[in-house]
Amino acid sequence: APGTMSGSGSEEQQPSQAAEDGQQEAEQDWAAAKAFYDNLVTKRARPPKPQNAITVAVSSRALFDLVEEQRIYEEHGLEKYVEYQQNNENVTLKPGPAFYFVKALEHVNARLLELYPDDEERFDIVLMTNNHAQVGVRLINSINHYGLTIERFCMTGGESPIGYLTAYLTNLYLSADSEKVQEAIEAGIASATMFTANKDVAYSDTQLRVAFDGDAVIFSDESEQIVKEQGLDRFFEHEQLNENKPLAQGPLKGFLEDLGKLQKKFYAKNERLNCPIRTYLVTARSAASSGARVLKTLRSWGLEIDEALFLAGAPKGPILVKIRPHIFFDDQMFHIEGAQKLGTIAAHVPYGIAQKYRKAT
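The residue count restarts for each chain, going from 1 along the sequence in the order it is written. Note on the predicted model: pLDDT of at least 70 is required for a residue's local features to be given, and 80 or more for side-chain atom pairs to be given and counted; whole-chain, interface and lining totals, by contrast, use all residues. The side-chain numbers reported here are obtained from all heavy atoms of the structure, hydrogens and water having been left aside.

### Digging into the overall build of the chain
Part 1: Regarding its fold elements, the chain presents 15 helices and 10 strands.
Part 2: For a compact globule of 361 residues, the expected C-alpha radius of gyration is about 21 Å, and the chain comes in at 22 Å, within 12% of that figure.
Part 3: For the chain, the spread of C-alpha atoms along the principal axes amounts to about 60 × 60 × 50 Å.
Part 4: Relative accessibility decides the category of a residue: with a 1.4 Å probe and only protein chains considered, values under 20% of the type maximum give buried, values over 50% give exposed, and everything between is partly exposed. Across the 361 residues of the chain, 45% fall into the buried class.
Part 5: By the convention used here, residues are in contact when the closest approach between their heavy atoms is within 4.5 Å. Pairs at least 24 apart in sequence give 75% of the contacts found in the chain among residues at least 6 apart.
Part 6: Surface summary for the chain: the accessible area is close to 18,100 Å², and the carbon and sulfur share equals 50%.
Part 7: Within this scheme the basic residues Lys and Arg register as positive and the acidic residues Asp and Glu register as negative, but His and the chain ends are omitted. Lysine's charge is taken at NZ, arginine's at CZ, aspartate's at CG and glutamate's at CD. If the 38 positive side-chain charges of the chain are averaged to one point and the 50 negative ones to another, these points end up 7 Å apart. Secondary structure elements follow DSSP: runs of H or I no shorter than four residues count as helices, runs of E no shorter than two count as strands, and numbering proceeds from the N terminus. Radius of gyration here is computed from C-alpha atoms only, and the compact-globule reference equals 2.2 Å multiplied by the residue count raised to the power 0.38. Surface accessibility follows the Shrake-Rupley procedure with a 1.4 Å probe radius. Residue values consider only the protein chains on display as shielding.

### Thoughts on the sheet that holds strand β6 (residues 208-212)
Part 1: Strand pairing is defined by DSSP finding a minimum of two bridges between the two strands. If you trace the 10 strands from one edge of the open sheet to the other, you get β3-β2-β1-β4-β5-β10-β9-β6-β7-β8, paired in mixed fashion. If you trace the sheet from one side to the other, it starts and ends with β3 (152-155) and β8 (307-310), each paired once. Strand-to-strand twist of the sheet, defined as the mean angle between neighbouring strand axes without regard to direction, takes the value 25°.
Part 2: An axis is simply a line fitted to the C-alpha atoms; with a helix, the fit covers only the stretch in contact. Between two such axes, the angle follows the N-to-C directions and lies from 0 to 180 degrees. Sitting on the sheet, helix α8 (residues 178-186) is in contact with β4 (172-175), β5 (191-195) and β10 (346-348), with an inclination near 160° to β5.
Part 3: Strands β7 (277-283) and β8 of the sheet are contacted by helix α12 (residues 287-300), whose axis makes an angle of about 150° with β8.

### Here's the deal with the pattern of salt bridges
Part 1: Only one rule defines a salt bridge in this text: a Lys or Arg side-chain nitrogen within 4 Å of an Asp or Glu carboxyl oxygen. Counted by the stated rule, this structure contains 17 salt bridges.
Part 2: One salt bridge connects Glu271 with Arg111, and the closest N-O pair in it is separated by 2.7 Å. Here Glu271 is found in the loop between α11 (253-268) and β7, whereas its partner Arg111 is found in helix α5 (residues 99-115), with 160 residues between them in sequence.
Part 3: Classification of Arg111 as buried rests on a relative accessible area of 12%.
Part 4: Three or more residues joined by partner-sharing salt bridges are found here, namely Glu68, Arg71 and Glu75.

### Description of helix α6 (residues 136-145)
Part 1: Taken residue by residue, α6 has Gly136, Arg138, Leu139, Ser142 and Ile143 as its buried positions. For α6, the buried positions fall inside an angular range of 165° around the axis, keeping them on one side. For α6, the exposed residues lying more than 90 degrees away from the buried face are Asn144 and His145.
Part 2: Contact partners of the buried residues in α6: α2 (60-63), α3 (67-76), α4 (78-87), β2 (123-129) and β3.
Part 3: Residue Gly147 follows α6 closely and has a positive phi angle near 70°. The arc in question is the one traced by the directions running from the helix axis out to the C-beta atoms.

### Some details on the packing of aromatic side chains
Part 1: Ring pairs are drawn from Phe, Tyr and Trp, using the six-membered ring of Trp, whenever the two centres fall within 6.5 Å, and their geometry is named by plane angle: stacked under 30 degrees, edge-to-face over 60, tilted for the rest. On inspection of all chains with the given rule, the structure shows eight aromatic pairs.
Part 2: Both rings, one in Phe255 and one in Phe329, keep their centres 6.5 Å apart while their planes meet at 70°; by these two values the pair is edge-to-face. Residue Phe255 is located in helix α11, and its partner Phe329 is located in strand β9 (residues 327-330); the two are separated by 74 residues in the primary sequence.
Part 3: Members of the aromatic cluster, joined through ring pairs, are Phe64, Phe99, Tyr100, Tyr146 and Tyr203.

### Observations concerning the domain arrangement of the chain
Part 1: For the chain, the domain assignment lists domain 1 (50-194) and domain 2 (208-359).
Part 2: Annotation comment: domain bounds sourced from an automatic or database domain assignment. Its C-alpha centre places domain 1 at a distance of 25 Å from the equivalent point of domain 2.
Part 3: The partner domain 2 presents 28 residues to the 27 residues of domain 1 that form the contact.
Part 4: A buried area of about 2,400 Å², summed over both sides, lies between domain 1 and domain 2, and 72% of it is on carbon and sulfur atoms.
Part 5: Summed over both partners, the accessible area (1.4 Å probe) lost when two parts come together is defined as the buried area. For the domain 1 face of the interface with domain 2, the top three residues by lost area are Phe101, Arg111 and Tyr116, together amounting to 21%.
Part 6: On the surface where domain 1 and domain 2 come into contact, there are three salt bridges.
Part 7: For the purposes of these results, a polar contact is taken to be a pair of N or O atoms within 3.5 Å, where, inside protein, one atom must be able to donate a hydrogen and its partner to accept one; residues adjacent in sequence count only when each atom of the pair is a side-chain atom. Joining domain 1 to domain 2, the criterion identifies seven residue pairs in polar contact (both at pLDDT 80 or more).
Part 8: Among the elements of the structure, β1 (54-58), α5, β4, α8 and β5 are those that each provide at least two residues to the side of domain 1 that touches domain 2.
Part 9: Top contributing element to the side of domain 1 that touches domain 2 by residue count: α5, with nine residues.
Part 10: Here the nonpolar group is Ala, Val, Leu, Ile, Met, Phe, Trp, Tyr, Cys and Pro; Asp, Glu, Lys and Arg are the charged ones; every other residue, Gly included, is treated as polar. In terms of residue class, the side of domain 1 that touches domain 2 is made up of 19 nonpolar, five polar and three charged.

And the structure:
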């Protein structure tokens, strides 16, 4: 890598000193920007600093329905696409798969600001799009039409978003582009590919509901590897033998942790029964044969999950219809497709051994 040091110990310390200096400079930049904006009178809550916020980056195709626009881009090229977007910049875009999830995040923010007006630990939604800046007006007009609070835009003009995701300390990245999601996962950023539900359902507008699969989503894919390579009986045996050994963490563990941190802020204000966040574990595991290890792992991490549903191989779609989550994360496409058919907005996490088997088919 450029700038990599080798040799004496003093040389090896230089990068960490440079990182410390960079951190100090960044703090000074934030302080200067804050001092400037503090002198401007506004009732609007300013976006929090990335190191305090839970940053959720969404692509334009996740936030809005851009199926027709994408078709124009693929069939007629970039120039025709940009021209179409500019000619239609006063035509409001329809909601995409991440839209109601973002609305629910904003509801949580509103509740947090009521209880903690000076606290920056809340969601910050960033529009992370590889669109060119010329398309920005239509996106801004649509965001304003729906009253969304999305202040930060990164329009990368075809470049990879990974550097920007890292700079914003992104906690979750949602995109309709599976290649970019794969790139983000490989860079260690929690990420998922969004899929639109095949039918409309009503979502709660007072409670953010997030459903997670377990293995290869919250947890590592260690157990799935045993299922795929050695079969179900060996898996049950392995899980019972290792019941008291916590599973390693998976790509979405950090986001579940973030949700838990915010839930505790509501509990501290005696709002447990009125908490605007609810989390669900929806796993194909069987409770009796392999559930204890999952629950003990969560306990060892100090994480509470509101509801745990062990389906013992039954399809997830019907249960998800009852939960009506704003988003459901799973690593296996057949679960995503089953959820979609029954009206659940699902997000595919391309992580672990299931991806190897998917590519081979």
